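Summary of the model geometry
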Amino acid sequence: MNKHPPSRGWSQDDLTGPEEFFCQLEDLRLQAAQPRRKRPPSRRALLAGTLLGLAGLTTIGAVVASTCTLCYAVISQGDAPLAYVRGQETYQQAVDQVERQVSQIIHADYAYPQDTKVALTIAPKEKLQTSEELTASLMETVPQVQEACVLTVDGIAAGACLSREEIHQALDLVRAHYATADTLSVTFASTLEITLDYLPAQAEILDPEALAARLEQPPEETEEGDAVTVMAALDAAALPETEETAAPLLVVETIEEVTYTQPIPAPTQEQEDASLLAGETQVIQQGTEGVEARTDRVTRRCGVETGRENLSSQVLTEPVPTLVSVGTATGVQGAQGRFQWPCTGQITSPFGSRYIFGSTSFHSGTDIANSMGTPIYAAAGGTVTWSGEKGSYGNLVIVDHGNGFATYYGHCSQLLVQVGEQVTQGQQIALMGSTGRSTGPHCHFEVRWQEEPIDPLQCLP
C-alpha cells in the first residue's frame, strides 16, 4: 500500500479515468492561452470552430474543478469506496486510531485488515472526510466490535441497548414500577448518561425489559475481562461498597398524595376513688376509637417512605373516652373493709404508747388474749414472707398482701404455714401462745402500710 500520494508531475500513462480527464483539461487550457498565429484565410472557419470547442471544454473543466478535487478513495475488498480523504496520511492516522480503540475494547491486540486499498481519484469536495470521520467509518467495518447505546448510572455502566429509544423505554418501565394511582411525580436521584459506543461483538445487548430489571436490582461487581457483561466490556470502575440492604442501582424518588382513614385512639379520663388504694386503678367505662380521614404528601426513595407531610385531616367519628378510677386511699383509710379479726379474745393492750415491764414504749400492734392453742387466721389473703422465731415476737408469721399492706401474728405456740405459701383470708395459719416477750397467751396483731405500723382496730370491722 502506498504511504504517499503521487507527485503532481504525473504522466498520462500513470493516470486513468478521472485523472486523465483532468490532465487533458489542463493541456487544452494551455493551448488556448498561447498567442494566435496568422493563418491563411481559408482556415478561419476551422480555427473559429476549434476555438469555440476549446472555449466550451474549458468552461466544463472549470465547473468540475470548482466542485471536485483530486483525492484518495478508501476501498475495501473491491467494494464501493468507504470514504474519500485528501491524503494517505489521513487514512493512516484513522487506521492507527481504529487499531488502538479496538484493542482496548476487546482487551487484545488488533490489526486492521490489509485488504483495504487507497486509490487516487476525484470526488466532490464535500465528501472528503477528516481523520476522525474516517475512523468512525472504518470502525463500522470491524466485525470484532458492535455499536450500541450504553446507559451509565452514577458513573456505573448499567447496560446497553440497540438504540436510545430502547433505553428510554427501560427508564419508563422503571418509573411505572414505582408509580401508583396516588403518584404525583417520579424522578431519578441518580445521574444518568446515554452514550453511543463500541462494545465487543459478544457483549450482552439488553432489551428494554431486561435493562429495567437490572436497574431495579442492587449493583453487582463483575470479574475483570468478562466479555459477557457490558460492565466488563466498558472496563467499568469498581462498584461502590453496598450495605446489607443495598439500594437498587437506579435510585428513584416519588411523591404521592394519599387519602386514607385511620383510627383515633380513645382518650383516658381519670377520676379519683377513695375506695381504691393509691396506685390501684379500675376501668369504669371502656372507650371506643374514633375515625379520621387524612390526606398526606408522602416522599419515597426506591419505594421506601422517607418523609410525610399532613395536608389535611377531618374527624369522621369522635372517640369515646375510657373512664378509669384511680385510687387515693392510704393507711387506715385504705385498710377499711380489707381485713377481718385474726382470732377471738379480749384486747389487753391497744396500739400506741404503753407502760410495760417497768418502762414506757411504743406498742406497734394490738394484743388479743385467749387460751393457749386458740386458732389464729389470716386477716387477708397474701404470701407468707416469714414463719419462725423473731426476737421479742417469739414465733411469728408475716403475710404480705401485695398492695402495700402486711400483717404480723406474734407469740404463737405453733406455726402452721411456711415461707412462700399462698394463704387466703380466714385460713388458719397458727395457734395462740406466749413465746417471746409475753405476759401470757395472746396474739400480737400488727397491720403495716408501706412498712409503717397503723392502728389495727381502725382497720378491722
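Here's what I pulled together on the structure shown here. (Residues numbered from 1 in each chain as written. Predicted model: local features only at pLDDT ≥ 70, side-chain atom pairs only at ≥ 80, totals over all residues. Heavy atoms only, no water.)

1. Details of the overall build of the protein chain
So the rule is basically this: Numbering of helices and strands starts at the N terminus; helices are DSSP runs of H or I of at least 4 residues and strands are runs of E of at least 2. Burial classes: relative accessible area under 20% of the type maximum marks a residue as buried, over 50% as exposed, and values in between as partly exposed (1.4 Å probe, protein chains only). For every accessible area listed, the method is Shrake-Rupley and the probe measures 1.4 Å; residues are considered covered only by the protein chains on display.
Secondary structure summary: the protein chain contains eight helices and 26 strands in total. Within the protein chain, the proportion of its 461 residues that are buried is 36%. Within the structure as shown, the protein chain displays about 26,200 Å² of accessible surface, and the carbon and sulfur contribution to it stands at 50%.

2. As for the packing of helix α3 (residues 88-106) against helix α4 (residues 131-139)
To keep it simple, the criterion reads: Comment: axis = line fitted to C-alpha atoms, over the contacting stretch for helices; angle = value between 0 and 180 degrees taken between N-to-C directions. Oblique is the label for any angle not covered by the other classes, which are roughly parallel (under 35 degrees), roughly antiparallel (over 145) and roughly perpendicular (65 to 115). It is the rotation of the near helix from the far one that decides the hand of a crossing: anticlockwise by less than a right angle makes it left-handed, clockwise makes it right-handed. Contacts: residue pairs with any heavy atoms within 4.5 Å of one another.
It is at 8 Å that the axes of α3 and α4 come closest, and there the two elements cross at 50°. Our classification of the angle between α3 and α4 gives oblique. Helix-helix and strand crossings are classified by hand; for α3 and α4 the assignment is right-handed. Note on element contacts: α4 touches α3 through Ser 131, Leu 134, Thr 135, Leu 138 and Met 139, opposite Thr 90, Tyr 91, Gln 93, Ala 94, Val 95, Gln 97, Val 98, Gln 101, Val 102 and Ile 105.

3. Section: the sheet that holds strand β9 (residues 268-277)
Test applied: For two strands to count as paired, DSSP must find a minimum of two bridges between them.
If you walk across this open sheet you meet the three strands as β9-β13-β10, and the pairing is mixed. Bordering the open sheet on either side are β9 and β10 (281-285), each of which pairs with just one other strand. Adjacent strand axes in the sheet meet at a mean angle of 35°, parallel and antiparallel pairs treated alike. Two elements, β10 and strand β13 (residues 322-329), share four bridges in a ladder whose sense is antiparallel. Its bridge partner lying in β13, Gln 285 is registered against Leu 323.

4. Some remarks on unusual backbone geometry
The backbone of His 411 shows a phi angle near 65°, a positive value even though the residue is not glycine. Within the element layout of this structure, His 411 appears in strand β21 (residues 405-412). Residue class for His 411 comes out buried when judged on its relative accessible area of 5%. The backbone of Gln 450 shows a phi angle near 50°, a positive value even though the residue is not glycine. Along the chain, Gln 450 turns up in the loop between β25 (442-449) and β26 (452-454).

5. Some remarks on the packing of aromatic side chains
The geometry of two aromatic rings is summed up by the distance between their centres and the angle between their planes. Spelled out, the test is: For this analysis, a ring pair means two rings from Phe, Tyr or Trp (six-membered ring only for Trp) whose centres lie within 6.5 Å, classed as stacked if their planes differ by under 30 degrees, edge-to-face if by over 60, and tilted for the remaining angles. Over a ring means this: the NZ of a Lys or the CZ of an Arg is within 6 Å of the ring centre and within 35 degrees of the ring normal.
In the structure shown here, the tally under the stated rule is five aromatic pairs. Ring centres of Phe 351 and Phe 362 lie 5.3 Å apart, and the angle between their planes is 85°; this geometry places the pair in the edge-to-face category. Of the two residues, Phe 351 sits in the loop between β14 (346-349) and β15 (352-356) while Phe 362 sits in strand β16 (residues 359-363), which places them 11 residues apart along the sequence. Overall, Phe 351 belongs to the partly exposed group, its relative accessible area being 22%. The exposure class of Phe 362 is exposed, given its relative accessible area of 54%. The ring centre of Trp 386 lies 4.5 Å from the NZ or CZ of Lys 390, which sits over that ring. Over the face of the ring belonging to Tyr 408 we find Arg 448, whose NZ or CZ atom lies 4.5 Å from the ring centre.

6. Describing the pattern of salt bridges
For clarity, the threshold we go by: Here, a salt bridge means any side-chain nitrogen of Lys or Arg that lies within 4 Å of a carboxyl oxygen of Asp or Glu.
Counting across every chain of the model gives 12 salt bridges. Here Asp 367 makes a salt bridge to Arg 354, at a shortest N to O gap of 3.3 Å. Of this pair, Asp 367 sits in strand β17 (residues 366-369) while Arg 354 sits in strand β15; the two residues are 13 residues apart in sequence, bridging distant segments of the chain. Looking at Arg 354, the relative accessible area reads 22%, which means it is partly exposed. Through salt bridges that share partners, Glu 292, Arg 294, Asp 296, Glu 305 and Arg 308 make up one connected network.

7. What about helix α5 (residues 164-178)?
Under the convention used in this document: Helix span is expected to be 1.5 Å times the residue number reduced by one. It is the directions from the helix axis to the C-beta atoms that the arc portrays.
Between the first and last C-alpha of α5 there are 22 Å, a value that for 15 residues agrees with the 21 Å anticipated at 1.5 Å per step. Ile 167, Ala 170, Leu 171, Val 174 and Tyr 178 are the residues of α5 that are buried. Taken around the axis of α5, the buried residues stretch over an arc of 95°, which confines them to a single face. Opposite the buried face of α5, at more than 90 degrees from it, the exposed residues are Glu 165 and Ala 176.

8. Some words on the sheet that holds strand β8 (residues 252-264)
The four strands lie next to each other as β6-β8-β11-β12, forming an open sheet whose pairing is antiparallel. Strands with a single pairing partner mark the edges of an open sheet, and in this sheet they are β6 (183-188) and β12 (304-317). Shown here is a sheet whose adjacent strand axes are inclined to one another by a mean of 20°, direction ignored. As paired elements, β6 and β8 share five bridges and run antiparallel to each other. Bridge assignment links Thr 183 to a residue of β8, and that residue is Glu 256. Taken strand by strand, α5 contacts β6 and β8, and its axis lies near 135° from that of β6.

9. Thoughts on the layout of surface pockets
Counted only if it meets this: Any residue with an atom within 4 Å of a point lines the site, the site being either a cavity, points on a 1 Å grid over the protein atoms alone where a 1.4 Å probe fits but cannot get out, or a pocket, an open set with protein on both sides within 12 Å along at least 5 of 7 lines. Grid points are joined across faces, edges and corners, and a volume is the space filled by probe spheres set on the points. The classification used treats Ala, Val, Leu, Ile, Met, Phe, Trp, Tyr, Cys and Pro as nonpolar, Asp, Glu, Lys and Arg as charged, and all other residues, Gly among them, as polar.
Of the voids in this model, the second largest pocket is the one considered here, and its volume is about 410 Å³. Looking at the second largest pocket, it is lined by 23 residues, and the ones nearest its centre are Arg 354, Ile 356, His 363, His 411 and Arg 437. Of all the secondary-structure elements, those providing two or more residues to the lining of the second largest pocket are β14, β15, β16, β17 and β25. Counting residues per element, the lining of the second largest pocket draws most heavily on β16, at four residues. Within the lining of the second largest pocket, the residues separate by chemical class into six nonpolar, 13 polar and four charged.

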